[in-house]
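Okay, here's what each chain looks like letter by letter:
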Number of protein chains: 2
Amino acid sequence: MAHYNFAAGPSALPDAVLTAARQGLGDWDGNGQSVMEIPFTGEAFARIHDEAVAALRQLLAIPSDYRVLFLQGGAYGQFSLLPMNLLRGFESADYAVTGHWSQRAANEARRYCQVNIVADGATSGFTDILEWTEWSLDPAAAYCHITSNETANGVQYRQWPETGAVPLVADITSDFLMAPLNIRRFGLVYASAQKNAGIAGLTLVIIHQSLLGRALPITPTVFNYELLAAANSRVNTPPVWAVYLAGLMFKWILAEGGLEEMAVRNRRHARWLYQAIDQSGFYHCRVAGRARSSINVCFELPSAQLQQQFLVEAEARGLHNLKGHAAATGLRASLYNGVSEAAVSALLAFMHDFARCHASAV
Amino acid sequence: MAHYNFAAGPSALPDAVLTAARQGLGDWDGNGQSVMEIPFTGEAFARIHDEAVAALRQLLAIPSDYRVLFLQGGAYGQFSLLPMNLLRGFESADYAVTGHWSQRAANEARRYCQVNIVADGATSGFTDILEWTEWSLDPAAAYCHITSNETANGVQYRQWPETGAVPLVADITSDFLMAPLNIRRFGLVYASAQKNAGIAGLTLVIIHQSLLGRALPITPTVFNYELLAAANSRVNTPPVWAVYLAGLMFKWILAEGGLEEMAVRNRRHARWLYQAIDQSGFYHCRVAGRARSSINVCFELPSAQLQQQFLVEAEARGLHNLKGHAAATGLRASLYNGVSEAAVSALLAFMHDFARCHASAV
């Protein structure tokens, strides 16, 4: 039986990347060492690192005045480390709250500064994103933080807010590398790797060089953006294997046609799923059309009992990890780049069958 | 040609662990998913985590009033996160400086508190460790920090200082799991995984439960010991693959005979190497006998030119990564658990040959 993984992250890796990873476990350098064993100060790892950065720069067309940093600690770690690194000379920061993760980011930032909530999606139950023209932006803020896609609530920005001279910073963990992104619109973006950039244990930061040097004195050395930029992300031992996997993912995306192709595939998959939901008269998506996530498709069934039955039968059909986030009710299908068309087709066929069997029982 | 890796970390992994790791890359869970792809919130990862913790508890006979935490950021990250987590209600901490790494730990702690240097090995060029009975300990310190083994300088404690009511905390990164350790002597120990506990990207903290709840408000949530303990180290997505590798290493050590057996092997290897150095009249170790590291054997040759030649010829014989730390002059052979007796024998044979060829030229 074929198996398909719809997990929200760690998520499915393409077969080609897993095959390449297997080679990295063997005598990778011709000296009997696997990638997991090479010294991080040597030429072999420098090549792995530099190739990964170069592939990422090519994918996103990152301008030369932006730096690419590799860190540890996850995007949740950045909820603290980002304010620590950007607050010197400022007293406050703006946060748009559009779901579970941006809410946590704002809460964490309160340890370090005054937080202005410029938009609060809680009033809509996080089923929509308030137009940025209605946000209460503060021109004295150190930065304005958004979460480009909310994995738990299934909402996603369609256009970026205009924040004037205040740098726009974004947690792009869950839609990172799923479509082209105009980096120039941002002062900084960051992402955990375990969605579309490999495996858990690596965090990526892309930062405009003008924002380096704004760290508070309490910032730990190994997480200081300026020091990381100066040391090519090797202030201390980096997560060598995770950096290697990220490079494999970047090269795979390039070989598949780049971010334009990823966006075409993702939009097609998302369109199929939302159409199936909306036309079923059985499944239901609470999110407003203009804010629906193309990555994390959240939906509900008429009863909690049916949802449970759906999960059990899906598992039996090889469709895994369709349970929604603990902070939300319902189900969720995540459509990262490692999720194939065959996976989406199998899910659609199952959803059709399940609805036909159970719609009459409602 | 056989290849042997004497790197100071990331270091050599046992063949049995690499073989098991290969299985983890395949259809690991019977649902078509590799370990790198499974959700961290599911039962499969909970089992990986719990088995790793149980194996570690068995190896070190960790008492039940100590907690095992898995974090990210490396031991260098702990240089900041440790004071953040332990300083509430205190104004200062004691640090014994015995080499490159304890010096850095002390420097980093100065961001958060007053640092008392209770012993300064710089006066001896870090070739000895001052007897703890001569240290100037402060009974009001939040903790007393030591580095049990200094990888760059090749010095190692033979006995632990008595610090009274002040908790002794230790960076045990480089001698972690190389010999039995009486955890009761410590309030907290921490280690990067990339020496004897798998791969880079995982940090381990073993902490007495009485020290939980002393975090400063600036401590990031994902690095807060109390929150990590409450969440079984799953505050956010853990480095799944690195935790899996750590578990494989722990089980391998148990299968090989546990820490007593590791200590027997390591002491034998170290004795052979130091004897070869001392009896050669060619190689030289600057470290005092009572403080010599059994893990990182640092030695010098009569000239920088000979050292360079030694490295080139060693590489040609399949003996890799013998260059010393950038902060020290000379050469270094690291004898972690993944370094086999065959590796040590090959190194000894080469050192013998090299000395015979070049001793007369000095």
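Residues numbered from 1 in each chain as written. Chains lettered and ligands numbered in written order. Predicted model: local features only at pLDDT ≥ 70, side-chain atom pairs only at ≥ 80, totals over all residues.

1. Some words on the interface of chain A and chain B
Then, number 1: The interface of chain A with chain B comprises 50 residues on the first partner and 48 residues on the second.
Then, number 2: No other element matches helix H3 (residues 74-86) of chain A, which puts five residues into the side of chain A that touches chain B.
Then, number 3: Among the residues making up the side of chain A that touches chain B, the classes are represented as 25 nonpolar, 21 polar and four charged. (Contact = placed C-beta atoms within 7 Å. Helix = DSSP H or I, 4+ residues; strand = E, 2+ residues; numbered from the N terminus. Nonpolar A, V, L, I, M, F, W, Y, C, P; charged D, E, K, R; others polar.)

2. Re the nonpolar core
Then, number 1: In this structure, Leu204, Val240 and Ala246 of chain A together with Leu204, Val240 and Ala246 of chain B are the most contacted members of the largest nonpolar core, which totals 248 residues.
Then, number 2: Sequence-distant contacts of Ala246 of chain B, defined by excluding residues within four places in its chain, comprise Ala52, Ala193, Ala197, Gly198 and Leu202 of chain B. (Core = buried A, V, L, I, M, F, W, Y, C linked by C-beta atoms within 7 Å. Buried ≥ 20, exposed ≤ 12 C-beta atoms within 10 Å, placed from the backbone.)

3. Thoughts on the packing of helix H6 (residues 240-256) of chain B against helix H7 (residues 258-280) of chain B
Residue and element names in this part refer to chain B.
Then, number 1: The contact between H6 and H7 brings their axes to 7 Å, and the two run at 80°. It follows that H6 is roughly perpendicular to H7 by the angle criterion. Across from Ile253, Leu254 and Glu256 in H6, the residues of H7 making contact are Gly258, Leu259, Glu261 and Met262.
Then, number 2: For the contact of H6 with H7, the residue count by class is four nonpolar, one polar and two charged. (Axes fitted to C-alpha atoms, helices over the stretch in contact; angles between N-to-C directions. Parallel < 35°, antiparallel > 145°, perpendicular 65-115°, else oblique.)

4. Here we look at the environment of Asp175 of chain B
Residues and elements named next belong to chain B.
Then, number 1: With respect to the element layout, Asp175 can be found in the loop between strand S8 (168-171) and strand S9 (188-192).
Then, number 2: Here Asp175 falls in the buried class, since 26 other C-beta atoms lie within 10 Å of it.
Then, number 3: Between the C-alpha atom of Asp175 and that of Glu150, which follows or precedes it by 25 residues, the distance is 9.1 Å.
Then, number 4: Leave out the neighbours within four places in its chain, and Asp175 touches Ser148, Asn149, Gln156 and Ile295.

5. Here we look at the relation of the copies chain A and chain B
Copy one and copy two of the chain differ by a rotation about an axis and a translation along that axis.
Then, number 1: Between chain A and chain B, the superposition needs a rotation of 180° and an axial shift of 0.0 Å, giving an RMSD of 0.0 Å. On this basis, the relationship between the two copies can be described by a two-fold rotation axis.
Then, number 2: Counting the interface residues of chain A, we find that 96% of their copies in chain B are interface residues as well, pointing to one common contact surface. (Least-squares fit on C-alpha atoms with pLDDT ≥ 70 in both.)

6. Looking at the sheet that holds strand S2 (residues 66-71) of chain A
Residue and element names in this part refer to chain A.
Then, number 1: Strands sit in the order S2-S10-S9-S8-S5-S3-S4 across an open sheet of seven strands; the sheet is mixed. Of all strands in the sheet, those bounded by a partner on one side alone are S2 and strand S4 (114-120). Mean inter-strand twist for the sheet, computed between neighbouring axes without regard to direction, equals 20°.
Then, number 2: Bridge count between strand S3 (residues 92-97) and S4: six bridges; the pairing is parallel. Within S4, the position partnered with Val97 by the bridge is Asp120. (Pairing = 2+ DSSP bridges.)

7. Examining unusual backbone geometry
Then, number 1: Of note, the bond from Gly9 of chain B into Pro10 of chain B is cis; its omega dihedral lies within 30 degrees of zero at 0°.
Then, number 2: Mapped onto the elements of the fold, Pro10 of chain B is located in the loop between strand S1 (4-5) and helix H1 (15-25).
Then, number 3: Residue Ser233 of chain A is not a glycine yet carries a positive backbone phi of 65°.
Then, number 4: Following the sequence through the fold, Ser233 of chain A ends up in the loop between helix H5 (225-230) and helix H6 (240-256).
Then, number 5: Ser233 of chain A gets classed as buried once you count the C-beta atoms within 10 Å, which come to 21.
Then, number 6: Positioned with a positive phi, Asn321 of chain A is a non-glycine residue whose angle comes to about 65°.
Then, number 7: For Asn321 of chain A, the position within the fold is in the loop between strand S12 (319-320) and strand S13 (331-334).

8. Overview of the domain arrangement of chain A
Residue and element names in this part refer to chain A.
Then, number 1: What the domain assignment lists for chain A is domain 1 (15-256) and domain 2 (258-361).
Then, number 2: Between the C-alpha centres of domain 1 and domain 2 the distance comes to 27 Å.
Then, number 3: Taken together, the contact pairs 25 residues of domain 1 with 25 residues of domain 2.
Then, number 4: Among the elements of the structure, strand S6 (149-150), strand S7 (155-156) and H6 are those that each provide at least two residues to the side of domain 1 that touches domain 2. (Domains from an automatic or database assignment.)

9. Thoughts on helix H3 (residues 74-86) of chain B
Then, number 1: Taking 1.5 Å as the rise per residue, H3 of chain B with 13 residues should run 18 Å; its terminal C-alpha atoms sit 18 Å apart, in good agreement.
Then, number 2: Maximum bend of H3 of chain B: about 35°, positioned at Ser80 of chain B, with proline Pro83 of chain B one to four residues after it. (Expected span 1.5 Å × (residues − 1). Bend = angle between axes of the 7 residues up to and from the residue.)

10. So, helix H7 (residues 258-280) of chain A
All names here are of chain A.
Then, number 1: Here H7 contains 23 residues, and its C-alpha end-to-end distance of 33 Å stays within 8% of the 33 Å for a straight helix at 1.5 Å per residue.
Then, number 2: What H7 keeps buried is the set Leu259, Met262, Asn266, His269, Ala270, Leu273, Ala276 and Ile277.
Then, number 3: Tucked into the core, H7 has its buried residues touching helix H2 (43-60), H6, strand S11 (296-299), S13 and helix H9 (341-358).
Then, number 4: Immediately beyond the C-terminal end of H7, within one or two residues, lies Gly281, with a positive phi of roughly 65°.

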